[in-house]
Amino acid sequence: MNLGKSPEPARGEGCLVVAIRLPVRIVLLVLVVPVRMVGDTLVAGGRFLNDAVFRPVGRALLWAGRAVFVWPFVGLWRHVLVPLGRVLGWLGKVLVVLPAVALYRHVLTPLGRAAVWTYARVLTPLGHACAAAGAAVRAGLALLARHLVVLPSAWTYRWILTPLGHAGVWCGKGLLWGVTAIATVIGAGLYWTARVLLVLPALAVRRWVLVPAGRVLGVVVREIGAALGHAWRVAGYVSLAVGRFLGTLLRWTFVEPARWVYRGVLTPVGHAVRDAVLRPAAEAGRRAGRATRQALASARVTARQVRADIRRVLVGGPGTPAPNGDQGEEPVREVRRVSEGRNLLTKG
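Worth saying up front: this structure is predicted, and the values here are computed from it rather than measured.

Caption draft 1: Spotlight on the overall build of the protein chain. A tally of regular secondary structure across the protein chain gives 2 helices and 0 strands. When each of the 348 residues of the protein chain is scored for burial, the buried share is 7%. Counted over contacts in the protein chain with a minimum sequence separation of 6, partners at least 24 positions apart contribute 76%. Carbon and sulfur atoms form 71% of the exposed surface of the protein chain, whose accessible area is close to 28300 Å².

Caption draft 2: View of a positive patch on the surface. On the surface, Arg 300, Arg 304, Arg 307 and Arg 311 cluster together to form a positively charged patch. Along the polypeptide, Arg 304 turns up in helix H1 (residues 15-314). Residue class for Arg 304 comes out partly exposed when judged on its relative accessible area of 38%.

Caption draft 3: Up close: the confidence of the model for the protein chain. Residues with a pLDDT of 70 or more make up 85% of the protein chain, whose mean pLDDT is 80. Confidence over residues 1-12 falls short of pLDDT 50; this stretch has 8 contacts with residues more than four positions distant or in other chains. Taken as a whole, residues 341-348 scores under 50 in pLDDT and shows 4 contacts with residues more than four places along the chain or in a different chain.

Caption draft 4: Main features of the pattern of salt bridges. If you walk through the whole model with that rule in mind, you get 10 salt bridges. For Asp 275, the salt bridge is made with Arg 279, and the minimal N-O distance between the two is 3.3 Å. Taken as a pair, Asp 275 and Arg 279 lie in helix H1 at a separation of 4 residues, close to a single helical turn. For the salt bridge of Glu 283 with Arg 287, the shortest nitrogen-to-oxygen distance reads 3.6 Å. Residue Glu 283 and its partner Arg 287 are located together in helix H1, separated by 4 residues, close to a single helical turn. Given the relative accessible area of 27%, Glu 283 is considered partly exposed. Using a relative accessible area of 55% as the deciding quantity, one classes Arg 287 as exposed.

Caption draft 5: Inspection of the packing of aromatic side chains at higher detail. Evaluation of the coordinates by the stated rule reveals 2 aromatic pairs. Seen from their ring centres, Tyr 191 and Trp 192 are 5.4 Å apart, and the 75° between their planes marks the pair as edge-to-face. According to the relative accessible area criterion, Trp 192 is exposed, its value standing at 52%. When the ring centre of Trp 252 is taken as origin, the NZ or CZ atom of Arg 251, which lies over that ring, is 5.6 Å away.

Caption draft 6: Structural context of the side chain of Arg 36. Secondary-structure assignment places Arg 36 in helix H1. Only 2.8 Å separates the side chain of Arg 36 from the backbone oxygen of Trp 232, close enough to count as a polar contact. Residues in contact with Arg 36, not counting those within four places in the same chain, are Trp 232, Ala 235, Gly 236 and Ser 239.

Definitions and limits used
Residues numbered from 1 in each chain as written. Predicted model: local features only at pLDDT ≥ 70, side-chain atom pairs only at ≥ 80, totals over all residues. Heavy atoms only, no water. Helix = DSSP H or I, 4+ residues; strand = E, 2+ residues; numbered from the N terminus. Buried < 20%, exposed > 50% of the residue type's maximum accessible area, 1.4 Å probe, protein only. Contact = heavy atoms within 4.5 Å. Areas by Shrake-Rupley, 256 points an atom, 1.4 Å probe, with all protein chains shown as cover. Patch = residues over 30% accessible without salt bridge, like charges linked within 9 Å, V, L, I, M, F, W, Y side chains within 5 Å. Salt bridge = Lys/Arg side-chain N within 4 Å of Asp/Glu carboxyl O. Lys, Arg positive; Asp, Glu negative; His and termini not counted. Charge placed at Lys NZ, Arg CZ, Asp CG, Glu CD. pLDDT = per-residue confidence, 0-100. Phe/Tyr/Trp six-rings, centres within 6.5 Å; stacked < 30°, edge-to-face > 60°. Lys NZ or Arg CZ within 6 Å of the ring centre and 35° of its normal. Polar contact = N/O pair within 3.5 Å; in protein donor to acceptor, adjacent residues only side chain to side chain.

Here it is, written out as structure tokens:
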């Protein structure tokens with residue numbers, strides 16, 4: 001966006017559009033850049049808080065909610081309500097269903113069969129007799145109503161009410177025609193009065209005042225919207241540049257020195273400590289452990305040999321070794337282990 005140069009007027013744009021565009025874009029750019037930078041800062045802070053605080057806290061709350069609300073209800077449902085429901089179902093079957101089935105089978109079914117027999121053998125013939133009597137009564141009442149009500153009413157409608165109705169309709173048509181003519185004349189007068197006093201001035205105001213004002217307002221609103229879009233994009237570029245500058249500054253101020261200290265100082269020192277102190281100490285500890293284990297093994301062999309000698313002195317034992325040499329092989333091995341253990345202990 002070139003703010004220093006006045007834009008060339010496009011085809012169909014007048015001087016008013018060009019005169020409004022540049023100041024509006026400058027003002028909106030000055031107003032939108034801080035808002036965009038604050039918004040980007042809030043978005044970055046929100047992402048950091050979401051990753052570092054809200055998501056771990058949410059997971060902890062979710063686990064706590066499961067431990068407090070879900071798992072107790074699951075245990076209650078599984079170990080209390082389900083067995084209780086099974087017991088209640090069995091009790092309902094024994095106390096309600098089976099008695100109801102027995103009542104239906106042994107009481108209601110015989111009563112229903114008796115009721116069907118009564119309906120078919122008693123109530124149906126009685127109903128047929130009542131229907132025949134009712135039909136005779138209805139025919140008599142219809143004959144009386146025809147001769148006493150219908151025929152006199154038809155004669156009255158044909159020879160009295162119909163002529164009176166025709167006369168009333170003719171008079172009503174004449175009266176309606178007169179009222180319609182009067183209303184037409186009055187309506188035409190009111191129409192032309194309202195047209196002259198209201199419609200024509202309103203059309204003139206719309207054509208010569210509102211339409212030009214609306215066009216100017218539309219140009220202003222369109223330019224404000226376009227300027228707001230340009231300012232928002234420029235503010236985004238500015239915010240991105242500021243963010244990159246701060247990131248680079250933070251990198252060269254803290255990250256690179258820390259990386260250099262880690263690589264150039266801490267890593268060699270750690271390697272030297274590992275090679276000069278930790279590895280010799282570990283090797284010495286392993287050697288001491290091996291020497292201790294060997295000393296303990298030789299002490300156990302010596303104690304075993306002493307116990308064997310004492311037992312031989314006190315109790316007695318075989319005077320000569322066995323012919324195959326198996327009994328004499330174990331003392332030779334024990335003496336060899338004792339000598340090896342003493343040699344390892346005396347090594348420098």
